[in-house]
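This is what each chain is made of:
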Amino acid sequence: AALKAQLDAKLFGQHLAKDVVLKAVTGFNTNPSPKKPLTLSLHGWAGTGKNFLSQILAEHVHPAGLSSKFVHLFLATLHFPHQEQVKEYKEQLQNWIRGNVSACPYSVFIFDEMDKMHPGLMDAIKPFLDYYEQVDGVSYRKAIFIFLSNAGGDLINKAALDFWTSGKRREEIQLKDLEPMLSVGVFNNKNSGLWHSSLIDRNLIDYFVPFLPLEHKHVKMCVRAEMTARGHAVDEKIVQAVADEMTFFPKDQKIYSDKGCKTVQAKLDIQEDI
């Protein structure tokens, strides 16, 4: 209930992601003996809420969220920068995960910038995501792994636009409309971090979660939420001014925000200065 309330209040325009993650986490939490760790792969363009949702989810498991010593964030460009060191990275990653799950079975691992991960690197964690009771005396079944990726964003945007063009509401888009093409698209994308990965091959990713491109109304919701978070009264003139500063696509219809809500804070700073 607490997770649902937070997602409803803070994550805008993502009915699918909310629904899928809520069901996945609720099922996982209420299962006394899950057969494998919960593994979610979140996909969509920048600024659509992937990071945001993973942080809310981490706080749901460990109240300190990203500050908790049981929540671990890996950034491809920071932690695994060099292609020629992939072999060392694989060993480091395995040791790191083994050590942390030994210390806390409920560890949360977030891998950001998956589309910048070197091909093959993520296969190193396959044994931990598989249906094993234990690996070298350690059980990984209570852990949560979350992958964040821009890969597949184009496929999701095209599907959303097709729905819009055919006069359907975005809320009618269901997981089955997107998930199959997303898993195939990511598997065949050399820049997805999961190119020809055994994690997909072995069906070890429980859900591919699509994040839809955000419309004008969702950008405005982000602006209002940011103003409220800063302790300011919501001024609709400023809300509109910030939304007008954003760029939208496709060129002709201008339906979806190019950067989601990513630059809302910076644009709001400028408006408040004015």
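Values in this document were obtained by computation on a predicted structure and should not be read as measured data. (Residues numbered from 1 in each chain as written. Predicted model: local features only at pLDDT ≥ 70, side-chain atom pairs only at ≥ 80, totals over all residues. Heavy atoms only, no water.)

Some points on the nonpolar core
Note on soluble globular proteins: their nonpolar side chains tend to be buried together. Residues I97, F111, M122, I125, F145, F147 and L199 are the most contacted members of the largest nonpolar core, which totals 69 residues. Both domains that furnish three or more residues to this core are identified here as domain 1 (1-212) and domain 2 (214-270). Of all hydrophobic cores here, the second largest spans 14 residues; its members include C222, V223, A243 and F248. (Core = buried A, V, L, I, M, F, W, Y, C linked by side-chain atoms within 4.5 Å. Buried < 20%, exposed > 50% of the residue type's maximum accessible area, 1.4 Å probe, protein only. Domains from an automatic or database assignment.)

Details of the layout of surface pockets
A volume near 820 Å³ is recorded for the largest pocket. Mapped by element, the contributors of at least two residues to the lining of the largest pocket are α1 (2-10), α3 (50-61), β4 (144-149), α10 (216-229) and α12 (264-273). Shared between two domains, the lining of the largest pocket takes at least three residues from each, and those domains are domain 1 (1-212) and domain 2 (214-270). (1 Å grid on protein atoms, 1.4 Å probe; cavity = no way out; pocket = protein on both sides within 12 Å on 5 of 7 lines; lining within 4 Å. Points joined across faces, edges and corners; volume = space filled by probe spheres on them. Helix = DSSP H or I, 4+ residues; strand = E, 2+ residues; numbered from the N terminus.)

Observations regarding the domain arrangement of the chain
Bring the parts together and some accessible area is lost; that lost area is often taken as the interface size. Partitioning the chain into domains gives domain 1 (1-212) and domain 2 (214-270). Each partner contributes residues to the interface: domain 1 has 13 residues there, and domain 2 has 16 residues. Counting each side, the surface lost to burial between domain 1 and domain 2 is near 1200 Å², with a carbon and sulfur contribution of 68%. On the domain 1 side of the interface with domain 2, the three residues burying the most area are F12, W164 and R170, jointly 43% of the side's total. (Contact = heavy atoms within 4.5 Å. Buried area = accessible area lost by both parts, 1.4 Å probe.)

Observations regarding the environment of K50
Here K50 lies in helix α3. Since its relative accessible area comes to 7%, K50 is described here as buried. If we skip the residues at most four places from it in the chain, K50 touches L42, H43, G44, W45, L148, S149, N150 and F211. Here the side chain of K50 touches G44 through a polar contact of 2.8 Å, landing on its backbone oxygen. (Polar contact = N/O pair within 3.5 Å; in protein donor to acceptor, adjacent residues only side chain to side chain.)

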